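Overview (structure and organization)
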Amino acid sequence: MPGRDTTRDEFLAAAREMADAGRPTLARLLAEEAADRAATPADAARILADFPGLSLRTED
């Protein structure tokens, strides 16, 4: 839907789909986006723990 931000749960669902499809790197990136939208640091840590791997994000 145009003009609507993707939610934490949508990113998390997509991350699970990619993990199930054997695409762990993409799953990790989607999980990082979900973690960015988590309500608490503990929730963010739990999300990232479910999708292990190194971050491929680059910061400016």
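Residues numbered from 1 in each chain as written. Predicted model: local features only at pLDDT ≥ 70, side-chain atom pairs only at ≥ 80, totals over all residues. Heavy atoms only, no water.

1. Some remarks on helix H2 (residues 24–36)
Relative to the 18 Å expected for 13 residues at 1.5 Å per residue, H2 spans 18 Å between its end C-alpha atoms, a close match to the ideal helical length. Within H2 the residues assigned to the buried category are Ala-27, Arg-28, Leu-30, Ala-31, Glu-32, Ala-34 and Ala-35. Where H2 is buried, its residues touch helix H1 (8–20) and helix H3 (41–50). (Helix = DSSP H or I, 4+ residues; strand = E, 2+ residues; numbered from the N terminus. Expected span 1.5 Å × (residues − 1). Buried < 20%, exposed > 50% of the residue type's maximum accessible area, 1.4 Å probe, protein only. Contact = heavy atoms within 4.5 Å.)

2. With respect to the side chain of Arg-28
Here Arg-28 shows up in helix H2. Sequence-distant contacts of Arg-28, that is, excluding residues within four places in its chain, are made with Leu-48, Phe-51, Pro-52, Gly-53 and Leu-54.

3. Remarks on the environment of Ile-47
For Ile-47, the position within the fold is in helix H3. Residue classification places Ile-47 among the buried positions, given a relative accessible area of 0%. The spatial distance from the C-alpha of Ile-47 to the C-alpha of Leu-12 is 8.1 Å, given a sequence separation of 35 residues. Beyond its immediate chain neighbours, meaning those up to four positions away, Ile-47 contacts Arg-8, Leu-12, Ala-31, Ala-34, Ala-35 and Ala-38.

4. Digging into H3
Quick reminder: α-helices carry 3.6 residues per turn. Residues three or four places apart thus point the same way. Among all positions in H3, only Asp-43, Ala-44 and Ile-47 are buried. Take H3 and look down its axis: the buried residues cluster within an arc of 100°, on one side only. Residues Pro-41, Ala-42 and Ala-49 are exposed on H3 and point more than 90 degrees away from its buried face. Buried residues belonging to H3 abut H1 and H2. (Arc of directions from axis to C-beta.)

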